[in-house]
Amino acid sequence: MNRLQLWFPVREIAPLSEHAMNAAEHANPFTEPGQHCPPALVLARDDGIYLFSNGYPRQVAPDLAVPYRGIRHVRAASVDYHPDESGYGDDFADYLDLTQETERDRVPLHRLIRTYARIDAWMTLSVSPRGIVVGFQQSGPDTESARNPKGSL
């Protein structure tokens, strides 16, 4: 397998996006100290695959969510992932710059998230060695993991 396909409910990631856009500071271990770091969603694989805001101070997990190290996050609702075949290994982290315009829509990602959250859409991430392609779908994946509210693997 040469790509990883992920699905996230946009209404759940919209608060993460807003937090990152409104935060005074942003964390990104890929930049040098003192360099500008844009607002972003962090795509991470550790105990599951999930997104969280890179804004500081960190966004605390609400009582109804199982926290990951106390940070509010959204797990992928559907995952097509085979670590032995994909070349991604066990853990990874990548950043989705919320201020960057998408190739297809020429609109910053954070504005697309706001728009698609209103219609209860899904954000898809196609991850490959070449990069991450972001897409939006009105209907979600029809899989058992999509019906699992914890979004676990």
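An account of the accompanying structure is given in this report. (Residues numbered from 1 in each chain as written. Predicted model: local features only at pLDDT ≥ 70, side-chain atom pairs only at ≥ 80, totals over all residues. Heavy atoms only, no water.)

### Things to note about the pairing of strand β1 (residues 4-9)
The criterion, for reference: Throughout this description, buried means an accessible area under 20% of the type-specific maximum (1.4 Å probe, protein chains only), exposed means over 50%, and partly exposed covers the range between. Strands are runs of DSSP state E lasting at least two residues, helices are runs of H or I lasting at least four, and both sets are numbered from the N terminus onward.
Burial runs high along β1: six of the six residues are buried. Residue alternation in β1 divides its side chains into two sets, L4, L6 and F8 and Q5, W7 and P9, and both sets are buried.

### Here's the deal with helix α1 (residues 10-22)
So the rule is basically this: Each residue after the first adds 1.5 Å to the expected span of a helix.
Helix length check: α1 (13 residues) gives 18 Å between terminal C-alpha atoms against 18 Å at 1.5 Å per residue, within 8%. Inspection of α1 places V10, I13, A14, L16, S17, H19 and A20 among the buried residues, and these make up the whole buried set.

### Quick word on helix α3 (residues 109-117)
What counts here: Throughout, the arc means that of the directions going from the helix axis to the C-beta atoms. The contact definition used throughout considers only heavy atoms, calling two residues in contact when any of these lie within 4.5 Å.
Those residues of α3 not exposed but buried are L109, H110, L112 and I113. Each buried residue of α3 sits inside an arc of 160 degrees when the element is viewed along its axis, so together they form one side. In this structure, the buried side of α3 is in contact with α1, β3 (40-46), β8 (92-97) and β10 (131-137).

### Observations regarding the packing of α1 against α3
Stated precisely, the cut-off is as follows: Orientation is described by axes fitted as lines to C-alpha atoms, over the contacting stretch for helices, and by angles from 0 to 180 degrees between their N-to-C directions. Put simply, a crossing is left-handed when the front helix is turned counterclockwise from the back one by less than a right angle, and right-handed when it is turned clockwise. Under the scheme applied, nonpolar residues are Ala, Val, Leu, Ile, Met, Phe, Trp, Tyr, Cys and Pro; charged residues are Asp, Glu, Lys and Arg; polar residues are all the others, including Gly.
At a minimum axis separation of 9 Å, α1 and α3 run at an interaxial angle of 145 degrees. In terms of crossing hand, the pair formed by α1 and α3 is left-handed. Only H110, I113, R114, Y116 and A117 of α3 make contact with α1, whose side of the interface consists of V10, R11, I13, A14, S17, E18 and M21. For the contact of α1 with α3, the class distribution of residues is seven nonpolar, two polar and three charged.

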